[in-house]
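# Structural overview for review
The primary structure of each chain is shown beneath.
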Amino acid sequence: MTAPVLAAPTAGPDDLHVWPASTARLPHGHLSVGGVSLAELADRYGTPLYLLDEDEVRTRCRTYRAAFPEGEVVYAAKAFLSRAMARWVEEEGLGLDVCSAGELELAHAAGFPPERMVLHGNAKSPRDIELALRLGVGRIVVDSPSEIARIAALTGPAGRQKIMVRVVPGVAAGGHEKIRTGTEDQKFGLSLTDGSAQHAIARVLGQPQLEMTGLHCHIGSQITDIKPYLVAVRRMGGLMARIKDSHGVTFAELDLGGGHGVAYRPGEPALDPTALARRLTAELTASCGAAGLPVPRLLIEPGRAIAAPAGVALYRVLAAKRTGPKLFVAVDGGMSDNPRPALYGARYAPRLIGRPATGVPVTATVVGRHCEAGDVLANDVPLPDDLRPGDLLAVPVAGAYQVSMASAYNLVARPPVVAVHRGTARLLIRRETQEDLRRRDVGA
Ligand SMILES: Cc1ncc(COP(=O)(O)O)c(C=O)c1O
Ligand SMILES: N[C@@H](CCCC[NH3+])C(=O)O
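Residues numbered from 1 in each chain as written. Chains lettered and ligands numbered in written order. Predicted model: local features only at pLDDT ≥ 70, side-chain atom pairs only at ≥ 80, totals over all residues.

As a structural note, the neighbourhood of ligand 2 is formed by Lys78, Ile179, Ser221, Gln222, Arg340, Tyr344, Tyr401 and Met405. The residue inventory of the shell around ligand 2, partitioned by class, reads four nonpolar, two polar and two charged. When residues are assigned to domains, the shell around ligand 2 turns out to be shared by domain 1 (24–53 + 309–439) and domain 2 (54–308), each giving three or more. (Near = placed C-beta within 6 Å. Nonpolar A, V, L, I, M, F, W, Y, C, P; charged D, E, K, R; others polar. Domains from an automatic or database assignment.)

Written as structure tokens, this is what we have:
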């Protein structure tokens with residue numbers, strides 16, 4: 001299905017710099033992304049609606065590959081996955097981080113080569129491991145000692161499965177306490193300080209069916225400062241040196257996970273992959289040089305930084321009212337399609353589209369339609385005071401951890417995802433239907 005391009009843009013994207021690069025202003029308050037009018041997309045596919053700009057995804061993949069020419073860039077599918085997304089990422093030469101049989105199967109169905117996948121997870125099910133081994137997933141990242149024997153047994157004497165071990169480097173970083181994974185008070189990885197990482201590594205090294213290619217760490221998400229990554233590199237370097245001393249083994253790879261932060265609102269910082277690559281490489285070279293270690297090949301696993309800025313969410317206003325001092329603007333989505341504000345206090349910058357903003361700018365709170373006071377999409381944001389039912393709101397930087405974390409709370413169907421690309425639009429994921437939801441209810 002395609003949607004035509006509207007008229008030529010009238011002005012450049014000035015305050016639109018957290019929007020996809022293809023965003024353009026059209027007459028009468030309209031906007032286009034990927035050459036397609038957002039208002040027209042809303043009419044065609046309904047709202048709430050998520051769109052993804054294919055060129056923005058591909059450009060971001062290319063920027064990462066150019067930043068890490070010697071390394072391997074592995075897209076974290078948990079940020080957003082569809083068959084088209086898997087194909088774009090594959091065509092751009094990235095690997096894929098999957099953390100469930102579901103992600104693995106979908107990517108496999110899309111033709112993503114299993115050998116370029118990395119399987120993660122703090123609680124891998126027997127099926128996750130069996131499927132990964134049967135399909136020939138490139139690397140499995142061990143997060144718990146109990147996985148090791150299972151992976152070795154299922155690999156069988158003839159095979160040799162590549163393994164990494166996830167280590168907690170003791171680094172506090174991340175945009176919110178719930179997305180910090182570099183310290184020992186959270187569930188992921190194995191401790192450096194109590195020796196459980198060293199113990200797991202020794203067990204992996206003792207299994208002839210397993211080939212330990214290197215260490216892994218992932219310190220958190222929405223990180224905008226390079227320094228915590230440099231501390232993590234030094235700690236990983238220290239551990240690699242101790243493993244060399246105790247086991248006489250050096251590793252060919254080091255996976256530093258993802259977590260690279262993006263700007264959700266104009267003026268916010270973002271992590272620059274090129275600067276990150278330069279500093280990481282320098283730090284790794286220095287750490288390894290000092291310890292007499294060969295410099296391992298770097299793997300990194302960006303999810304948000306590839307997908308988030310390529311996505312836009314579209315909502316229609318259902319109600320607008322003043323309650324005390326506050327202007328509440330209620331839209332037809334909410335925490336079921338975007339739980340991030342409720343979970344992490346995430347902030348967004350919605351804007352009115354589809355008509356000129358004639359009203360006086362006021363501070364408004366955009367809320368969803370769910371039966372939950374915490375169902376807020378954007379707190380205290382500037383919007384015109386004359387918003388009315390039927391108006392369209394667009395929220396940029398919506399491509400990661402929204403559709404992939406969506407629920408059907410209140411039996412509100414999950415929204416569709418449409419790809420826009422150089423003047424055309426096509427449906428990637430259809431809207432969930434009430435029939436889909438009813439069909440699961442099989443007890444009378
Ligand atoms: C192991 C691992 N790698 C990569 C990522 C991707 O993180 P982000 O989307 O913040 O880049 C995650 C999620 O935080 C993760 O758990
Ligand atoms: N889901 C989180 C990030 C966690 C990343 C997955 N390990 C977010 O939306 O910010």
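After that view, the rundown keeps rolling.
The subject of this paragraph is the site of ligand 1. Taken together, 16 residues lie near ligand 1, and Ala76, Ser221, Gly258, Gly303 and Arg304 sit nearest. A breakdown of the residues in the shell around ligand 1 according to their chemical character gives four nonpolar, eight polar and four charged.

Below, the discussion takes up the confidence of the model for the protein. The pLDDT averaged across the protein works out to 95; a share of 97% of its residues lies at or above 70. Every residue in residues 1–13 is under pLDDT 50, and counting partners more than four places away or in other chains gives 32 contacts. Across the predicted assembly, pTM comes out at 0.96 and ipTM at 0.98. (pLDDT = per-residue confidence, 0-100. Contact = placed C-beta atoms within 7 Å.)

When strand S15 (residues 326–331) meets strand S17 (residues 361–367), the two strands line up parallel, connected through four bridges. In the sheet register, Phe328 faces S17, and the bridge partner there is Thr365. Inspection of the sheet shows S17 paired to strand S18 (residues 376–384) by six bridges, in the antiparallel sense. Across the sheet, the residue bridging to Val367 is Val376, located in S18. (Pairing = 2+ DSSP bridges. Helix = DSSP H or I, 4+ residues; strand = E, 2+ residues; numbered from the N terminus.)

Before going further, it helps to spend a moment on helix H7 (residues 196–205). When we look at burial in H7, the residues that qualify are Ala197, Ala200, Ile201 and Val204. Seen from one end, H7 has its buried residues packed into an arc of 100 degrees, which puts them on one side. Each element contacted by the buried residues of H7 is listed here: strand S8 (139–142), helix H6 (146–155), strand S9 (161–168), strand S10 (190–191), strand S11 (210–216) and helix H8 (227–247). (Buried ≥ 20, exposed ≤ 12 C-beta atoms within 10 Å, placed from the backbone. Arc of directions from axis to C-beta.)

The assigned domain composition of the protein is domain 1 (24–53 + 309–439) and domain 2 (54–308). Taking the mean C-alpha position of each, domain 1 and domain 2 sit 32 Å from one another. On the domain 2 side, the residues contacting the 24 residues of domain 1 number 23 residues. Taken together, the elements giving at least two residues each to the side of domain 1 that touches domain 2 come down to strand S4 (49–53), helix H11 (340–344), strand S20 (417–421) and strand S21 (424–429). The element that contributes the greatest number of residues to the side of domain 1 that touches domain 2 is S20, accounting for three residues. Class assignment for the residues of the side of domain 1 that touches domain 2 results in 16 nonpolar, six polar and two charged.

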